[in-house]
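One-letter residues, chain by chain:
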Amino acid sequence: MISGGDPKTGEAGYVAMEVVTGTLAGKHGSFALQHSATMSAGGHKMTIVVVPGSGTGELKGISGTFVIEIAGGQHSYEFEYSLAE
């Protein structure tokens, strides 16, 4: 993860790569997630996507998006994905 800006004033951004390994829908393998986010007085924007071509094993060909919702100091997650046929 690499970040910049001043989060104490509410203005910052980050980029990150994350490797996920495990079982999804009964299929085992791994894939990478690419994060990009900014925050400012005007709001925040976050994009997290499955890196194309990063799927391994039975997850080869996976695509999708990952959303982190933050409400009341709590994080929740939503992962929408497609697996290759």
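Analysis parameters
- Once a new chain begins, its residue numbering starts again from 1 and follows that chain's sequence as written.
- Where local features are concerned, this predicted model is filtered to residues with pLDDT of at least 70; where side-chain atom pairs are given and counted, the filter is 80 or more; whole-chain, interface and lining totals use all residues.
- The side-chain values count all of the structure's non-hydrogen atoms but skip hydrogen atoms and water molecules.
- Numbering goes from the N terminus for both helices and strands, where a helix is a DSSP run of H or I of at least four residues and a strand is a run of E of at least two.
- Here the globule rule is a power law, 2.2 Å times the number of residues to the power 0.38, and the radius of gyration is based on C-alpha atoms.
- Note on classification: 1.4 Å probe, protein chains only; a residue is buried when its accessible area is under 20% of the maximum for its type, exposed when over 50%, partly exposed between these limits.
- By definition, residues are in contact when any of their heavy atoms lie within 4.5 Å.
- The method behind every accessible area is Shrake-Rupley, applied with a 1.4 Å probe, and residues are considered shielded solely by the protein chains displayed.
- Two residue types count as positive, namely Lys and Arg, and two as negative, namely Asp and Glu; His and chain ends fall outside the count.
- By convention, the point assigned to a charge is CZ for Arg, NZ for Lys, CD for Glu and CG for Asp.
- Only rings of Phe, Tyr and Trp enter the pairing, Trp through its six-membered ring, and a pair is recorded when the two centres are within 6.5 Å. The plane angle decides the type: under 30 degrees is stacked, over 60 is edge-to-face, the rest tilted.
- Note on scores: pLDDT gives the predictor's confidence for each residue, bounded by 0 and 100.
- Strand pairing is defined by DSSP finding a minimum of two bridges between the two strands.
- Within this scheme, the nonpolar core is defined by two criteria: the residues are buried Ala, Val, Leu, Ile, Met, Phe, Trp, Tyr or Cys, and they are joined through side-chain atoms within 4.5 Å.

Turning our eyes to something else, we now look at the overall build of the protein. Scanning the protein for helices and strands turns up zero helices and six strands. The C-alpha radius of gyration computed for the protein amounts to 15 Å, which surpasses the reference 12 Å derived for 85 residues by more than 25%, pointing to a less compact arrangement than a globule. Taken along its principal axes, the extent of the C-alpha atoms in the protein is 45 × 25 × 15 Å. In the protein, which comprises 85 residues, the share counted as buried stands at 21%. Counting contacts in the protein only where the partners sit at least 6 residues apart, residues at least 24 apart contribute 31% of the total. For the protein, the exposed area adds up to about 5900 Å²; of that, 55% sits on carbon and sulfur atoms. Charged side chains of the protein number 4 positive and 8 negative; the gap between the two group centres comes to 7 Å.

This next bit is on the packing of aromatic side chains. If you walk through the whole model with that rule in mind, you get four aromatic pairs. An angle of 55 degrees between the planes, with centres 5.8 Å apart, marks the rings of Phe 66 and Phe 79 as tilted. Here Phe 66, found in strand 5 (residues 63-71), pairs with Phe 79, found in strand 6 (residues 74-82); they are 13 residues apart in sequence, far enough to count as distant. Overall, Phe 79 belongs to the partly exposed group, its relative accessible area being 23%. Three or more aromatic residues joined by ring pairs make a cluster, and in this case those are Phe 31, Phe 66, Tyr 77, Phe 79 and Tyr 81.

Glancing now at the confidence of the model for the protein. Per-residue confidence for the protein gives a mean pLDDT of 94, with 100% of residues at or over 70. Within the protein, strand 5 has the poorest average pLDDT of any element, 91, and strand 2 (residues 11-24) the best, 97.

By the bridge criterion, eight bridges tie strand 3 (residues 27-40) to strand 4 (residues 43-50) in an arrangement that is antiparallel. Its bridge partner being in strand 4, Ser 40 is matched across the sheet by Gly 43. Remark: two residues form the turn of the hairpin made by strand 3 and strand 4, two consecutive strands paired antiparallel.

Ranked by size, the top nonpolar core spans seven residues in total: Leu 24, Phe 31, Leu 33, Ile 48, Val 50, Leu 59 and Ile 62. Listed by contribution, the elements that provide at least two residues to this core are strand 3 and strand 4. Each residue touching Leu 33, except ones within four places of it in the same chain, is listed here: Ala 16, Met 17, Glu 18, Val 20, Ile 48, Val 49, Val 50, Val 51 and Phe 66.

Let's shift gears to the environment of Glu 78. Topologically, Glu 78 is positioned in strand 6. In sequence terms Glu 78 and Val 67 are eleven residues apart; their C-alpha atoms lie 5.1 Å from each other. In contact with Glu 78, other than residues within four places in its own chain, are Thr 65, Phe 66 and Val 67.

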